[in-house]
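# Notes for the structure review
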Amino acid sequence: MPTPNYVVSYDGSVYSEKAVKWAIDLAGMTGAKIVLLAVCDTSLALLMDLEMDSCRWIRTKIAERARLCQECGFPVTYQMRKGHVVEEIIKYAREEEADLIIAGTRGMGGFGKLLLGSVAHKLVTYSTVPVLIVK
């Protein structure tokens, strides 16, 4: 039986940290490989300085998180992508033949979700790869 492959959507938030913890616990039971995936959102193209700062910040955070996992004896790797967050997560998961996408959520509903959109909601709606949402 092949080793399961989990992709964890990581943006440095406390919600994505919860998703990482769930992924590690689940992988401990299944022997899965974990890839942390961060996407620099290029929809901020008009605010180039902000986009560049954001990309540098998330690159630092994801490398630090992967290193901490490795120091604890858990082999976690990471990848960075640029583009639309949901599209890139789904595309990467398909390319890597992931068995599961794991993402955190704030649990916003109603009007807040309509205004801001929800990565978790869109992942569940559009992904053909199973999605686990951690709240």
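Residues numbered from 1 in each chain as written. Predicted model: local features only at pLDDT ≥ 70, side-chain atom pairs only at ≥ 80, totals over all residues. Heavy atoms only, no water.

### Brief notes about the environment of Glu-17
For clarity, the cut-off: Numbering of helices and strands runs from the N terminus; a helix is a DSSP stretch of H or I covering at least four residues, while a strand is a stretch of E covering at least two. Contacts are assigned to residue pairs that have any heavy atoms within 4.5 Å of one another. The definition of a polar contact used here is a pair of N or O atoms within 3.5 Å, where within protein one atom must be able to donate a hydrogen and the other to accept one, and adjacent residues in sequence count solely through side-chain atom pairs.
Among the structural elements, Glu-17 can be located in helix α1 (residues 14-30). When the C-alpha positions of Glu-17 and Arg-65 are compared, they lie 8.7 Å apart, and in sequence the two are 48 residues distant. Once residues lying within four places of it in the same chain are set aside, the contact partners of Glu-17 are Tyr-10 and Arg-65. At 2.6 Å, the side chain of Glu-17 and the side chain of Arg-65 are in polar contact.

### Let's talk about unusual backbone geometry
Quick note on the threshold: Under the scheme applied here, a residue whose accessible area is under 20% of the maximum for its type counts as buried, over 50% as exposed, and between as partly exposed, the area being computed with a 1.4 Å probe on protein chains only.
In this structure, Glu-97 takes a positive phi of about 50° despite not being glycine. One can find Glu-97 in the loop between α3 (85-95) and β4 (100-104). For Glu-97, a relative accessible area of 66% gives the class exposed.

### Examining α1
Each turn of an α-helix holds 3.6 residues, which means side chains three or four residues apart point in the same direction. Going by this rule: Given a helix with a known number of residues, its expected span is that number minus one, times 1.5 Å. The directions considered for the arc run from the helix axis to the C-beta atoms.
Over its 17 residues, α1 extends 24 Å from the first C-alpha to the last, a length consistent with the 24 Å expected when each residue adds 1.5 Å. Turning to α1, its buried residues are Ser-16, Glu-17, Ala-19, Val-20, Ala-23 and Ala-27. For α1, the angular spread of the buried residues around the axis is 155°, confining them to a single face. Of the exposed residues in α1, the ones pointing more than 90 degrees away from its buried face are Val-14, Lys-21, Asp-25, Gly-28 and Met-29.

### Notes on the nonpolar core
So the rule is basically this: Buried residues of nine kinds, namely Ala, Val, Leu, Ile, Met, Phe, Trp, Tyr and Cys, make up a nonpolar core once their side-chain atoms join them within 4.5 Å.
Grouped together as the largest cluster of nonpolar side chains are 22 residues, with contacts concentrated most on Tyr-6, Val-8, Ile-34, Leu-36, Val-76 and Ile-102. Where this core is concerned, the elements lending two or more residues are β1 (5-9), α1, β2 (33-41), α2 (48-71) and β4. In terms of residue count, α2 provides more of this core than any other element does, 5 residues in total. What Val-76 contacts, discounting residues up to four positions off in sequence, is Ile-34, Leu-36, Ala-66, Cys-69 and Gln-70.

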